Each structure stands twice: as C-alpha cells, then as structure tokens.
Amino acid sequence: MSGKVPADKKEDVYYSRGWIEDCFDGFMKADTNKSWIITFDEFKTGLKKKNKDITDKEIEEIFKFLDYDKSKGVTLNEWILAAMEYDAQVKNYQNALVI
Ligand SMILES: [Ca+2]
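As the structure is a prediction and not an experimental result, all values here were calculated from the model.

**Q** If you had to explain the overall build of the protein chain to someone new, which residues and values would you point to?
**A** Each helix and strand counted, the protein chain has 5 helices and 2 strands in total. When its helices and strands are written in sequence order, the protein chain yields α-β-α-α-β-α-α. Residue burial in the protein chain is summarised as follows: out of 99 residues, 19% are buried. Restricting to contacts in the protein chain with at least 6 residues of sequence separation, those with at least 24 account for 50%.

**Q** Can you lay out the environment of tyrosine 68 for me, pointing to particular residues and giving the numbers?
**A** Relative to the elements of secondary structure, tyrosine 68 occurs in the loop between α3 (56-66) and β2 (73-75). Assessed through the 15 C-beta atoms surrounding it within 10 Å, tyrosine 68 is described here as partly exposed. Setting aside anything within four residues of it in sequence, one finds tyrosine 68 in contact with Glu78, Leu81 and Ala82.

**Q** Account for helix α4 (residues 76-85), naming residues and giving values.
**A** Among the residues of α4, Trp79, Ala82 and Ala83 are the ones counted as buried. For α4, the arc enclosing every buried residue in end-on projection is 100 degrees, short of the 170-degree limit, so these residues lie on one face. Facing away from the buried side of α4 by over 90 degrees, the exposed positions are Asn77 and Glu85.

**Q** Lay out helix α1 (residues 17-30) with the relevant residues and their values.
**A** Side chains that are three or four residues apart share a direction in an α-helix, a result of its 3.6 residues per turn. For α1, spanning 14 residues, the distance from its first C-alpha to its last is 20 Å, which sits close to the expected 20 Å at 1.5 Å a residue. Residues of α1 that are buried include every one of Cys23, Gly26, Phe27 and Ala30, and no others. Summarising the axial view, the buried residues of α1 lie within an arc of 100 degrees, below the 170-degree limit, and thus occupy one face. Exposed side chains of α1 directed beyond 90 degrees from the buried face belong to Arg17, Gly18 and Glu21.

**Q** Can you explain the UniProt feature "domain: EF-hand" (unreviewed entry) in the protein chain? Please cite residues and give values.
**A** Per the UniProt annotation, the sites labelled "domain: EF-hand" (unreviewed entry) are residues 18-53 and 54-89. Helix makes up 67% of residues 18-53 and strand makes up 8%, while its end C-alpha atoms are separated by 29 Å.

Criteria and thresholds
Residues numbered from 1 in each chain as written. Predicted model: local features only at pLDDT ≥ 70, side-chain atom pairs only at ≥ 80, totals over all residues. Helix = DSSP H or I, 4+ residues; strand = E, 2+ residues; numbered from the N terminus. Buried ≥ 20, exposed ≤ 12 C-beta atoms within 10 Å, placed from the backbone. Contact = placed C-beta atoms within 7 Å. Arc of directions from axis to C-beta. Expected span 1.5 Å × (residues − 1). UniProt positions renumbered as here; feature names shortened; annotations may be inferred.

What follows is the structure, encoded as structure tokens:
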C-alpha cells in the first residue's frame, strides 16, 4: 500500500495507509463505547469537545450525511465510504474528532 500510483491507474483514487489509519482513528475516537456504531450523541459529544461553536443543526447535517442508510448510527463502512466520497470535507469532521 505504498509507492507511486501507476500511470495506467491515474483515474483511480489512491488512499495511503496513513489516510486509512487516520480515518479509522477518527472512527474509534468518536465511537466512545466501542460498539462499532457511532450514535448521534457520541458524534455530537466528540464534535462539541473540539469545536464549541458548532451548532446542533450543523452537527445534525453532518451526521445525516454520514448515516447513509438512515439507521441513526454510523458504521465504520459508512464512515470510510463517506470519507472516500467527500475526502476533504469529511476529513475535516474526522480531524475535529481527533483530540
Ligand atoms: Ca447507518
């Protein structure tokens, strides 16, 4: 999982080991009770800890975006898929959870 992206794979998005580890780390930090599902409360607590100015509405919007199947919980799968789709945006959310 390291090295340069081959020329014929240019159109593929490349994720480094570090990116995946950061992604996983953010998930684990948010999932405080280690249930492998981030609840809205866990997500809210994590974000508020880092960003006191964030509004409940903003948190709800981010959570809705992450909770792809609307199960009211964010799985690792959803977390990573969302991160892949909206890399910069979600990475900011995840960085906000790194304490
Ligand atoms: Ca879900």
